[in-house]
Amino acid sequence: MASSSNSGIEKRSIEMVPDNERHGTARSQFTLWFGANTQITAIVDGALAVVFGADALWAIIGLLIGNVIGGIVMALHSAQGPQLGLPQMISSRAQFGIIGAIIPLVLVVLMYIGFASTGAVLSGQAVNLIIGVNTPAVGIVIFGALTAAVALLGYKYIHVLGRVSSVTGLLGFLFITYCVFTKVDVPGLISGSSFAFPAFLSAIALSVGWQLTYGPYVADYSRYLPRSTPASKTFWFTFGGSVIGSQWSMTLGALIGAAAMTETGNSFVENQVSFVGDIVGGGVYALLIFIVILLGKLTVNTLNAYGAFMCTLTILTSFGEKTNIRRWTRAVFVIGIVTLTVLVALLASADFLANFKNFVLALLMVFTPWSIINLTDYYLISKDRFDIPAFYDLKGRYGKWNWRALVAYGVGVVVQIPFLAQSFYTGPMVEKLGGADISWIVGIVVTFLLYFFMLRNRSVAPSETIYPDVEALDAQRSRG
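Residues numbered from 1 in each chain as written. Predicted model: local features only at pLDDT ≥ 70, side-chain atom pairs only at ≥ 80, totals over all residues. Heavy atoms only, no water.

(A) Molecular detail of the packing of helix α1 (residues 27-37) against helix α15 (residues 283-316). It is at 7 Å that the axes of α1 and α15 come closest, and there the two elements cross at 110 degrees. Relative to α15, the element α1 lies roughly perpendicular. Once α1 is placed against α15, the crossing between them reads as left-handed. On the side of α1, the interface is formed by L32, W33, G35 and A36, while α15 contributes G296, T299, V300 and L303. In terms of residue class, the contact of α1 with α15 is made up of five nonpolar, three polar and no charged. (Axes fitted to C-alpha atoms, helices over the stretch in contact; angles between N-to-C directions. Helix = DSSP H or I, 4+ residues; strand = E, 2+ residues; numbered from the N terminus. Parallel < 35°, antiparallel > 145°, perpendicular 65-115°, else oblique. Left-handed = near helix turned anticlockwise from the far one by under 90°. Contact = heavy atoms within 4.5 Å. Nonpolar A, V, L, I, M, F, W, Y, C, P; charged D, E, K, R; others polar.)

(B) Region of interest: the environment of L394. Mapped onto the secondary structure, L394 falls in the loop between α17 (352-381) and α18 (403-414). A relative accessible area of 22% places L394 in the partly exposed class. Taking the C-alpha atoms as reference points, L394 and R27, 367 residues apart in sequence, are found 37 Å from one another. Not counting residues up to four positions away in its chain, the partners in contact with L394 are I98, I99, S318, F319, G399 and K400. (Buried < 20%, exposed > 50% of the residue type's maximum accessible area, 1.4 Å probe, protein only.)

(C) Region of interest: the packing of α18 against helix α20 (residues 439-455). Orientation of α18 relative to α20, taken along the N-to-C sense of each, is 165 degrees, at an axis distance of 8 Å. Put simply, α18 runs roughly antiparallel to α20. Here α18 and α20 pass one another in a crossing that is right-handed. Taken together, the residues of α20 that come into contact with α18 (itself represented by R404, A405, V407, A408, V411 and G412) are G443, V446, T447, L450, Y451, M454 and L455. Split into classes, the residues belonging to the contact of α18 with α20 amount to nine nonpolar, three polar and one charged.

(D) Inspection of the nonpolar core at higher detail. The biggest cluster of nonpolar side chains holds 126 residues, and the ones touching the most others in it are W33, V180 and F356. Take this core: its biggest share by element is 16 residues, from α15. Those residues in contact with V180 that lie beyond four places of it in its chain are V186, L252, L255, I256 and I279. (Core = buried A, V, L, I, M, F, W, Y, C linked by side-chain atoms within 4.5 Å.)

(E) Structural context of unusual backbone geometry. With a phi angle near 55 degrees, K383 is a residue other than glycine that sits in the positive phi range. When you line up the elements, K383 lands in the loop between α17 and α18.

(F) Region of the structure containing the side chain of K297. The topology assignment puts K297 in helix α15. Buried and without a salt bridge, K297 has D45 as its closest oppositely charged side chain, separated by 11 Å. Within polar-contact distance, the side chain of K297 engages the side chain of T41 at 2.7 Å. (Lys, Arg positive; Asp, Glu negative; His and termini not counted. Salt bridge = Lys/Arg side-chain N within 4 Å of Asp/Glu carboxyl O. Polar contact = N/O pair within 3.5 Å; in protein donor to acceptor, adjacent residues only side chain to side chain.)

(G) Up close: the packing of aromatic side chains. Enumeration according to the criterion identifies 27 aromatic pairs in this entry. For the ring pair W33 and Y217, a centre distance of 6.3 Å and an interplane angle of 55 degrees mean the geometry is tilted. Placement of the pair is W33 in helix α1 and Y217 in the loop between α11 (197-212) and α12 (231-261), with a sequence separation of 184 residues. You'll find W33 and Y217 in the same group, each marked buried. The positively charged end of R227 is found above the aromatic ring belonging to Y467, 3.7 Å away from the centroid. (Phe/Tyr/Trp six-rings, centres within 6.5 Å; stacked < 30°, edge-to-face > 60°. Lys NZ or Arg CZ within 6 Å of the ring centre and 35° of its normal.)

(H) Structural view of the pattern of salt bridges. Here the structure, examined in full by the defined rule, presents two salt bridges. Of the charged contacts in the structure, one is a salt bridge between D19 and R227, with a shortest N-O distance of 2.8 Å. Of this pair, D19 sits in the segment before α1 while R227 sits in the loop between α11 and α12, and the two are 208 residues apart along the sequence. The shortest N-O distance in the salt bridge between D387 and R397 comes to 3.0 Å. Pair noted here: D387 is in the loop between α17 and α18 and R397 is in the loop between α17 and α18, with a separation of ten residues, a long-range link.

Pasting the structure below:
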(Lines give C-alpha, C1' and ligand atoms only; values in the text may rest on other atoms or scores of the structure.)
Protein backbone atom coordinates (compact mmCIF):
# COMPACT_ATOMS: atom_id res chain seq x y z
CA MET A 1 0.00 0.00 0.00
CA ALA A 2 1.40 3.40 -0.93
CA SER A 3 2.12 5.66 1.95
CA SER A 4 0.54 9.00 2.40
CA SER A 5 3.81 10.74 1.82
CA ASN A 6 4.20 9.32 -1.67
CA SER A 7 0.64 9.33 -3.00
CA GLY A 8 -0.76 12.56 -4.41
CA ILE A 9 -4.02 13.23 -2.64
CA GLU A 10 -4.22 12.57 1.08
CA LYS A 11 -6.22 9.43 1.89
CA ARG A 12 -6.53 9.66 5.69
CA SER A 13 -9.37 11.59 7.24
CA ILE A 14 -10.38 11.16 10.90
CA GLU A 15 -8.76 7.79 11.62
CA MET A 16 -5.34 7.31 13.22
CA VAL A 17 -2.33 7.63 10.92
CA PRO A 18 -0.41 4.30 11.07
CA ASP A 19 3.32 4.33 11.80
CA ASN A 20 4.20 3.24 8.24
CA GLU A 21 2.64 6.44 6.92
CA ARG A 22 4.40 8.83 9.31
CA HIS A 23 7.09 11.06 7.86
CA GLY A 24 8.85 14.40 8.22
CA THR A 25 10.48 16.23 11.12
CA ALA A 26 9.24 18.66 13.74
CA ARG A 27 10.91 21.50 11.79
CA SER A 28 8.02 21.33 9.33
CA GLN A 29 5.79 22.76 12.05
CA PHE A 30 7.86 25.93 12.18
CA THR A 31 7.55 26.68 8.45
CA LEU A 32 3.86 25.80 8.40
CA TRP A 33 2.88 28.01 11.32
CA PHE A 34 5.26 30.84 10.47
CA GLY A 35 3.75 30.94 6.99
CA ALA A 36 0.23 30.71 8.36
CA ASN A 37 0.80 33.78 10.57
CA THR A 38 2.71 36.09 8.25
CA GLN A 39 -0.48 37.18 6.56
CA ILE A 40 -2.84 40.09 6.27
CA THR A 41 -5.43 38.94 8.82
CA ALA A 42 -2.75 38.91 11.53
CA ILE A 43 -1.80 42.45 10.49
CA VAL A 44 -5.45 43.47 10.81
CA ASP A 45 -5.66 41.75 14.22
CA GLY A 46 -2.70 43.81 15.42
CA ALA A 47 -4.18 46.98 13.99
CA LEU A 48 -7.41 46.37 15.90
CA ALA A 49 -5.55 46.85 19.19
CA VAL A 50 -4.78 50.42 18.12
CA VAL A 51 -7.92 51.23 16.16
CA PHE A 52 -10.00 50.38 19.23
CA GLY A 53 -8.07 52.23 21.90
CA ALA A 54 -4.48 51.24 22.72
CA ASP A 55 -1.45 53.39 21.95
CA ALA A 56 1.01 51.75 19.56
CA LEU A 57 3.73 50.90 22.09
CA TRP A 58 1.43 49.36 24.69
CA ALA A 59 -0.52 47.58 21.95
CA ILE A 60 2.68 45.89 20.75
CA ILE A 61 3.65 44.86 24.30
CA GLY A 62 0.16 43.56 25.00
CA LEU A 63 0.09 41.63 21.73
CA LEU A 64 3.44 40.02 22.58
CA ILE A 65 2.21 38.90 26.01
CA GLY A 66 -0.93 37.45 24.46
CA ASN A 67 0.94 35.66 21.69
CA VAL A 68 3.27 34.01 24.20
CA ILE A 69 0.41 32.91 26.49
CA GLY A 70 -1.75 31.69 23.64
CA GLY A 71 1.25 30.21 21.81
CA ILE A 72 2.07 28.00 24.80
CA VAL A 73 -1.47 26.60 24.82
CA MET A 74 -1.50 26.15 21.05
CA ALA A 75 1.86 24.34 21.01
CA LEU A 76 0.79 22.04 23.85
CA HIS A 77 -2.05 20.91 21.59
CA SER A 78 0.39 20.41 18.72
CA ALA A 79 2.60 18.15 20.83
CA GLN A 80 -0.27 15.66 21.03
CA GLY A 81 -0.22 14.98 17.29
CA PRO A 82 2.77 12.62 16.92
CA GLN A 83 1.82 10.66 20.04
CA LEU A 84 -1.78 9.96 19.02
CA GLY A 85 -1.71 10.30 15.23
CA LEU A 86 -5.24 11.74 15.39
CA PRO A 87 -7.04 14.91 14.34
CA GLN A 88 -7.26 17.19 17.37
CA MET A 89 -11.01 17.11 17.83
CA ILE A 90 -11.21 13.30 17.74
CA SER A 91 -9.17 13.26 20.94
CA SER A 92 -11.84 15.46 22.56
CA ARG A 93 -13.97 12.33 22.75
CA ALA A 94 -11.77 11.21 25.64
CA GLN A 95 -12.92 14.24 27.62
CA PHE A 96 -16.52 14.81 26.50
CA GLY A 97 -17.60 11.38 25.28
CA ILE A 98 -18.24 10.50 21.65
CA ILE A 99 -21.62 12.27 21.40
CA GLY A 100 -20.74 14.96 23.92
CA ALA A 101 -17.78 16.06 21.80
CA ILE A 102 -20.22 17.23 19.14
CA ILE A 103 -20.92 20.40 21.18
CA PRO A 104 -17.42 21.92 20.91
CA LEU A 105 -17.14 20.49 17.39
CA VAL A 106 -20.10 22.54 16.16
CA LEU A 107 -18.47 25.67 17.58
CA VAL A 108 -15.21 24.77 15.86
CA VAL A 109 -16.92 24.44 12.49
CA LEU A 110 -18.50 27.87 12.99
CA MET A 111 -15.05 29.23 13.85
CA TYR A 112 -13.57 27.84 10.66
CA ILE A 113 -16.33 29.32 8.55
CA GLY A 114 -15.98 32.70 10.26
CA PHE A 115 -12.21 32.90 9.87
CA ALA A 116 -12.31 31.60 6.32
CA SER A 117 -14.95 34.18 5.44
CA THR A 118 -12.94 37.09 6.87
CA GLY A 119 -9.89 35.72 5.06
CA ALA A 120 -11.86 35.58 1.83
CA VAL A 121 -12.84 39.24 2.21
CA LEU A 122 -9.22 40.34 2.64
CA SER A 123 -7.91 37.98 -0.04
CA GLY A 124 -10.63 39.15 -2.39
CA GLN A 125 -9.23 42.65 -1.98
CA ALA A 126 -5.77 41.35 -2.98
CA VAL A 127 -7.09 39.40 -5.97
CA ASN A 128 -9.03 42.39 -7.26
CA LEU A 129 -6.03 44.68 -6.89
CA ILE A 130 -3.85 42.16 -8.78
CA ILE A 131 -6.22 41.73 -11.72
CA GLY A 132 -7.56 45.29 -11.70
CA VAL A 133 -11.19 44.54 -10.86
CA ASN A 134 -13.35 46.63 -8.53
CA THR A 135 -16.14 44.11 -7.91
CA PRO A 136 -15.52 42.45 -4.49
CA ALA A 137 -17.39 39.26 -5.46
CA VAL A 138 -14.92 38.47 -8.24
CA GLY A 139 -11.88 38.32 -5.98
CA ILE A 140 -13.75 36.41 -3.26
CA VAL A 141 -14.96 33.71 -5.68
CA ILE A 142 -11.53 33.28 -7.31
CA PHE A 143 -9.89 32.95 -3.91
CA GLY A 144 -12.51 30.42 -2.82
CA ALA A 145 -11.74 28.24 -5.85
CA LEU A 146 -7.99 28.31 -5.05
CA THR A 147 -8.70 27.37 -1.43
CA ALA A 148 -10.84 24.39 -2.41
CA ALA A 149 -8.21 23.12 -4.84
CA VAL A 150 -5.41 23.00 -2.25
CA ALA A 151 -7.64 21.68 0.54
CA LEU A 152 -8.72 18.78 -1.68
CA LEU A 153 -5.11 17.74 -2.19
CA GLY A 154 -4.61 17.49 1.58
CA TYR A 155 -1.79 17.37 4.13
CA LYS A 156 1.22 17.01 1.82
CA TYR A 157 0.36 19.93 -0.41
CA ILE A 158 -0.75 22.11 2.46
CA HIS A 159 2.75 21.76 3.89
CA VAL A 160 4.27 22.57 0.48
CA LEU A 161 2.14 25.70 0.34
CA GLY A 162 3.20 26.48 3.91
CA ARG A 163 6.87 26.31 2.91
CA VAL A 164 6.31 28.51 -0.13
CA SER A 165 4.32 31.08 1.82
CA SER A 166 6.98 31.05 4.55
CA VAL A 167 9.63 32.09 2.03
CA THR A 168 7.46 34.65 0.24
CA GLY A 169 6.07 35.84 3.57
CA LEU A 170 9.57 36.33 4.96
CA LEU A 171 10.71 38.35 1.94
CA GLY A 172 7.47 40.29 1.70
CA PHE A 173 7.28 41.09 5.36
CA LEU A 174 10.91 42.17 5.43
CA PHE A 175 10.06 44.64 2.69
CA ILE A 176 6.88 45.81 4.43
CA THR A 177 8.87 46.24 7.65
CA TYR A 178 11.50 48.28 5.80
CA CYS A 179 8.82 50.51 4.27
CA VAL A 180 7.01 50.99 7.58
CA PHE A 181 10.18 52.03 9.40
CA THR A 182 11.38 54.31 6.58
CA LYS A 183 8.09 55.89 5.50
CA VAL A 184 6.17 56.00 8.77
CA ASP A 185 7.18 58.11 11.78
CA VAL A 186 7.58 55.09 14.07
CA PRO A 187 9.39 57.00 16.88
CA GLY A 188 6.59 59.55 16.82
CA LEU A 189 3.95 56.83 17.00
CA ILE A 190 5.43 55.10 20.03
CA SER A 191 6.81 58.08 21.93
CA GLY A 192 4.66 59.64 24.59
CA SER A 193 2.39 56.60 24.71
CA SER A 194 -0.08 56.62 27.58
CA PHE A 195 -1.02 53.41 29.36
CA ALA A 196 -4.69 52.47 29.49
CA PHE A 197 -5.30 49.20 31.33
CA PRO A 198 -8.58 48.20 29.60
CA ALA A 199 -7.10 48.79 26.13
CA PHE A 200 -3.93 46.94 27.14
CA LEU A 201 -5.95 43.91 28.26
CA SER A 202 -7.90 44.09 25.02
CA ALA A 203 -4.64 43.87 23.05
CA ILE A 204 -3.60 40.81 25.08
CA ALA A 205 -7.00 39.20 24.51
CA LEU A 206 -6.82 39.77 20.75
CA SER A 207 -3.54 37.87 20.40
CA VAL A 208 -4.46 35.18 22.95
CA GLY A 209 -7.66 34.62 21.01
CA TRP A 210 -5.73 34.49 17.74
CA GLN A 211 -3.46 31.71 19.04
CA LEU A 212 -6.17 29.73 20.84
CA THR A 213 -8.26 29.45 17.69
CA TYR A 214 -5.49 27.24 16.23
CA GLY A 215 -5.89 24.83 19.17
CA PRO A 216 -8.78 22.79 17.77
CA TYR A 217 -6.81 21.80 14.67
CA VAL A 218 -3.09 22.34 15.24
CA ALA A 219 -2.52 18.60 15.91
CA ASP A 220 -4.10 17.78 12.54
CA TYR A 221 -0.80 18.90 11.00
CA SER A 222 1.59 17.27 13.46
CA ARG A 223 -0.16 13.88 13.47
CA TYR A 224 1.82 12.65 10.45
CA LEU A 225 5.13 13.07 12.28
CA PRO A 226 6.76 9.80 13.45
CA ARG A 227 5.58 8.67 16.87
CA SER A 228 9.21 8.87 18.04
CA THR A 229 9.25 12.65 17.51
CA PRO A 230 10.02 14.23 20.90
CA ALA A 231 7.07 16.21 22.23
CA SER A 232 9.45 19.02 23.20
CA LYS A 233 10.59 19.47 19.59
CA THR A 234 7.03 19.53 18.29
CA PHE A 235 6.16 22.07 20.98
CA TRP A 236 9.05 24.46 20.37
CA PHE A 237 8.96 24.42 16.57
CA THR A 238 5.21 25.02 16.62
CA PHE A 239 5.50 27.70 19.30
CA GLY A 240 8.36 29.45 17.55
CA GLY A 241 6.74 29.51 14.12
CA SER A 242 3.37 30.69 15.38
CA VAL A 243 4.56 33.29 17.90
CA ILE A 244 7.31 34.80 15.75
CA GLY A 245 5.11 34.95 12.66
CA SER A 246 2.07 36.37 14.44
CA GLN A 247 3.98 38.89 16.57
CA TRP A 248 5.82 40.23 13.54
CA SER A 249 2.54 40.61 11.63
CA MET A 250 0.69 42.15 14.57
CA THR A 251 3.50 44.59 15.34
CA LEU A 252 3.33 45.82 11.76
CA GLY A 253 -0.43 45.98 12.10
CA ALA A 254 -0.24 48.10 15.26
CA LEU A 255 2.15 50.54 13.58
CA ILE A 256 0.14 50.64 10.36
CA GLY A 257 -3.09 51.11 12.31
CA ALA A 258 -1.53 53.95 14.33
CA ALA A 259 -0.27 55.59 11.15
CA ALA A 260 -3.69 55.28 9.51
CA MET A 261 -5.35 57.01 12.44
CA THR A 262 -3.19 60.09 11.88
CA GLU A 263 -4.50 60.45 8.32
CA THR A 264 -7.66 62.25 7.26
CA GLY A 265 -10.25 59.74 6.14
CA ASN A 266 -8.36 56.69 7.47
CA SER A 267 -8.45 54.61 4.26
CA PHE A 268 -7.25 51.57 6.23
CA VAL A 269 -10.79 51.14 7.53
CA GLU A 270 -12.12 50.99 3.96
CA ASN A 271 -9.55 48.67 2.32
CA GLN A 272 -6.80 47.16 4.47
CA VAL A 273 -4.89 45.52 1.61
CA SER A 274 -4.85 48.65 -0.52
CA PHE A 275 -3.53 50.70 2.42
CA VAL A 276 -0.60 48.28 2.84
CA GLY A 277 0.06 48.57 -0.92
CA ASP A 278 0.24 52.35 -0.60
CA ILE A 279 2.76 52.08 2.23
CA VAL A 280 5.16 49.98 0.11
CA GLY A 281 5.03 52.55 -2.69
CA GLY A 282 2.35 51.31 -5.06
CA GLY A 283 3.07 50.07 -8.58
CA VAL A 284 5.07 46.87 -9.00
CA TYR A 285 6.04 46.83 -5.32
CA ALA A 286 2.39 46.83 -4.30
CA LEU A 287 1.66 44.08 -6.84
CA LEU A 288 4.34 41.83 -5.35
CA ILE A 289 3.02 42.46 -1.83
CA PHE A 290 -0.51 41.64 -2.95
CA ILE A 291 0.80 38.28 -4.23
CA VAL A 292 2.53 37.67 -0.87
CA ILE A 293 -0.71 38.51 0.94
CA LEU A 294 -2.63 36.14 -1.34
CA LEU A 295 -0.23 33.22 -0.73
CA GLY A 296 -0.26 33.77 3.03
CA LYS A 297 -4.05 33.89 3.17
CA LEU A 298 -4.30 30.87 0.89
CA THR A 299 -2.21 28.90 3.40
CA VAL A 300 -4.33 29.73 6.42
CA ASN A 301 -7.68 29.53 4.61
CA THR A 302 -6.74 26.09 3.35
CA LEU A 303 -6.08 25.11 6.96
CA ASN A 304 -9.54 26.43 7.83
CA ALA A 305 -11.27 24.50 5.03
CA TYR A 306 -9.35 21.32 5.81
CA GLY A 307 -10.07 21.63 9.53
CA ALA A 308 -13.77 22.30 8.96
CA PHE A 309 -13.90 19.14 6.83
CA MET A 310 -12.26 17.10 9.60
CA CYS A 311 -14.66 18.40 12.25
CA THR A 312 -17.75 17.93 10.12
CA LEU A 313 -16.80 14.31 9.48
CA THR A 314 -16.10 13.81 13.17
CA ILE A 315 -19.64 15.01 13.95
CA LEU A 316 -21.28 12.83 11.30
CA THR A 317 -19.35 9.71 12.30
CA SER A 318 -20.08 10.11 16.02
CA PHE A 319 -23.13 7.86 15.79
CA GLY A 320 -21.38 4.92 14.13
CA GLU A 321 -18.09 3.12 13.92
CA LYS A 322 -17.06 4.09 10.39
CA THR A 323 -13.73 5.93 10.46
CA ASN A 324 -12.68 6.16 6.83
CA ILE A 325 -14.14 8.39 4.14
CA ARG A 326 -14.01 7.99 0.37
CA ARG A 327 -12.12 10.66 -1.56
CA TRP A 328 -15.19 11.78 -3.48
CA THR A 329 -16.96 12.33 -0.15
CA ARG A 330 -14.02 14.47 0.99
CA ALA A 331 -14.35 16.51 -2.20
CA VAL A 332 -18.07 17.10 -1.65
CA PHE A 333 -17.50 18.24 1.94
CA VAL A 334 -14.59 20.54 1.14
CA ILE A 335 -16.33 22.17 -1.83
CA GLY A 336 -19.50 22.62 0.24
CA ILE A 337 -17.60 24.21 3.13
CA VAL A 338 -15.65 26.57 0.87
CA THR A 339 -18.84 27.54 -0.95
CA LEU A 340 -20.47 28.41 2.37
CA THR A 341 -17.50 30.56 3.43
CA VAL A 342 -17.63 32.40 0.10
CA LEU A 343 -21.35 33.09 0.56
CA VAL A 344 -20.78 34.40 4.09
CA ALA A 345 -17.94 36.61 2.81
CA LEU A 346 -20.17 37.99 0.05
CA LEU A 347 -22.87 38.82 2.60
CA ALA A 348 -20.47 40.17 5.22
CA SER A 349 -21.13 43.53 6.85
CA ALA A 350 -19.22 46.55 5.58
CA ASP A 351 -18.13 47.24 9.17
CA PHE A 352 -15.39 44.64 8.83
CA LEU A 353 -12.95 45.74 11.55
CA ALA A 354 -15.53 46.01 14.36
CA ASN A 355 -17.13 42.69 13.46
CA PHE A 356 -13.76 40.97 13.20
CA LYS A 357 -12.77 42.17 16.68
CA ASN A 358 -16.05 40.90 18.17
CA PHE A 359 -15.60 37.61 16.34
CA VAL A 360 -12.09 36.99 17.74
CA LEU A 361 -13.10 37.87 21.30
CA ALA A 362 -16.24 35.71 21.10
CA LEU A 363 -14.10 32.79 19.97
CA LEU A 364 -11.79 33.36 22.92
CA MET A 365 -14.77 33.00 25.25
CA VAL A 366 -15.89 29.62 23.86
CA PHE A 367 -12.52 28.02 23.11
CA THR A 368 -10.63 28.89 26.29
CA PRO A 369 -12.65 26.35 28.34
CA TRP A 370 -12.25 23.68 25.64
CA SER A 371 -8.46 24.12 25.53
CA ILE A 372 -8.16 23.97 29.31
CA ILE A 373 -10.23 20.76 29.50
CA ASN A 374 -8.31 19.06 26.69
CA LEU A 375 -4.87 19.97 28.06
CA THR A 376 -5.76 19.21 31.69
CA ASP A 377 -6.93 15.75 30.73
CA TYR A 378 -4.03 15.00 28.38
CA TYR A 379 -1.19 16.17 30.63
CA LEU A 380 -2.56 15.82 34.19
CA ILE A 381 -5.30 13.17 34.25
CA SER A 382 -4.95 10.71 31.35
CA LYS A 383 -1.24 11.54 31.09
CA ASP A 384 -0.92 10.62 27.41
CA ARG A 385 -2.63 7.24 27.88
CA PHE A 386 -5.61 6.66 25.61
CA ASP A 387 -7.66 3.85 24.15
CA ILE A 388 -7.70 4.96 20.51
CA PRO A 389 -10.12 2.27 19.20
CA ALA A 390 -12.59 3.41 21.90
CA PHE A 391 -12.72 6.88 20.26
CA TYR A 392 -14.85 5.24 17.56
CA ASP A 393 -16.93 2.92 19.76
CA LEU A 394 -20.10 4.23 21.39
CA LYS A 395 -19.93 1.32 23.84
CA GLY A 396 -16.25 1.86 24.64
CA ARG A 397 -14.63 3.24 27.77
CA TYR A 398 -15.33 6.89 26.88
CA GLY A 399 -19.06 6.37 26.35
CA LYS A 400 -21.53 8.72 24.73
CA TRP A 401 -21.40 11.55 27.26
CA ASN A 402 -19.17 12.79 30.06
CA TRP A 403 -21.52 15.08 31.95
CA ARG A 404 -18.79 16.33 34.28
CA ALA A 405 -16.72 17.63 31.37
CA LEU A 406 -19.79 19.19 29.77
CA VAL A 407 -20.70 20.92 33.04
CA ALA A 408 -17.14 22.24 33.42
CA TYR A 409 -17.24 23.51 29.83
CA GLY A 410 -20.67 25.12 30.16
CA VAL A 411 -19.81 26.82 33.45
CA GLY A 412 -16.45 27.92 31.99
CA VAL A 413 -18.29 29.74 29.22
CA VAL A 414 -21.17 31.19 31.26
CA VAL A 415 -18.97 32.48 34.08
CA GLN A 416 -17.22 34.78 31.59
CA ILE A 417 -20.37 36.65 30.58
CA PRO A 418 -20.39 39.18 33.47
CA PHE A 419 -16.79 40.13 32.60
CA LEU A 420 -17.24 40.61 28.84
CA ALA A 421 -16.66 44.03 27.29
CA GLN A 422 -17.74 44.02 23.66
CA SER A 423 -19.65 46.38 21.42
CA PHE A 424 -22.77 44.19 21.49
CA TYR A 425 -22.66 43.43 25.24
CA THR A 426 -20.95 44.77 28.35
CA GLY A 427 -21.11 42.69 31.52
CA PRO A 428 -21.96 44.18 34.93
CA MET A 429 -18.45 43.52 36.30
CA VAL A 430 -16.70 45.52 33.58
CA GLU A 431 -17.48 48.93 35.04
CA LYS A 432 -16.20 47.83 38.47
CA LEU A 433 -12.92 46.84 36.81
CA GLY A 434 -12.48 50.19 35.11
CA GLY A 435 -13.67 48.92 31.75
CA ALA A 436 -11.26 45.97 31.62
CA ASP A 437 -12.33 42.66 30.03
CA ILE A 438 -10.86 39.77 32.04
CA SER A 439 -13.43 37.20 30.93
CA TRP A 440 -10.93 34.78 29.40
CA ILE A 441 -8.81 34.79 32.58
CA VAL A 442 -11.89 33.95 34.65
CA GLY A 443 -12.73 31.20 32.16
CA ILE A 444 -9.27 29.62 32.48
CA VAL A 445 -9.31 29.53 36.27
CA VAL A 446 -12.89 28.31 36.74
CA THR A 447 -12.73 25.67 34.01
CA PHE A 448 -9.45 24.22 35.27
CA LEU A 449 -10.60 24.01 38.90
CA LEU A 450 -13.94 22.45 38.00
CA TYR A 451 -12.62 19.89 35.53
CA PHE A 452 -9.53 18.88 37.50
CA PHE A 453 -11.28 18.35 40.81
CA MET A 454 -14.30 16.59 39.29
CA LEU A 455 -12.25 14.22 37.10
CA ARG A 456 -8.91 13.71 38.83
CA ASN A 457 -10.08 10.54 40.60
CA ARG A 458 -12.34 9.34 37.79
CA SER A 459 -9.87 8.70 35.02
CA VAL A 460 -10.78 5.89 32.64
CA ALA A 461 -7.38 5.98 30.94
CA PRO A 462 -5.71 2.59 30.26
CA SER A 463 -2.35 1.76 31.84
CA GLU A 464 -0.76 2.52 28.48
CA THR A 465 -2.04 3.77 25.14
CA ILE A 466 -3.98 1.19 23.11
CA TYR A 467 -3.46 1.49 19.36
CA PRO A 468 -5.70 -0.01 16.66
CA ASP A 469 -4.59 -2.94 14.54
CA VAL A 470 -3.05 -1.37 11.42
CA GLU A 471 -3.86 -4.29 9.14
CA ALA A 472 -7.49 -4.28 10.26
CA LEU A 473 -7.67 -0.51 9.75
CA ASP A 474 -6.36 -0.82 6.18
CA ALA A 475 -8.64 -3.76 5.43
CA GLN A 476 -11.59 -1.68 6.57
CA ARG A 477 -10.44 1.12 4.28
CA SER A 478 -10.22 -1.21 1.27
CA ARG A 479 -13.77 -2.42 1.93
CA GLY A 480 -15.12 1.11 2.57
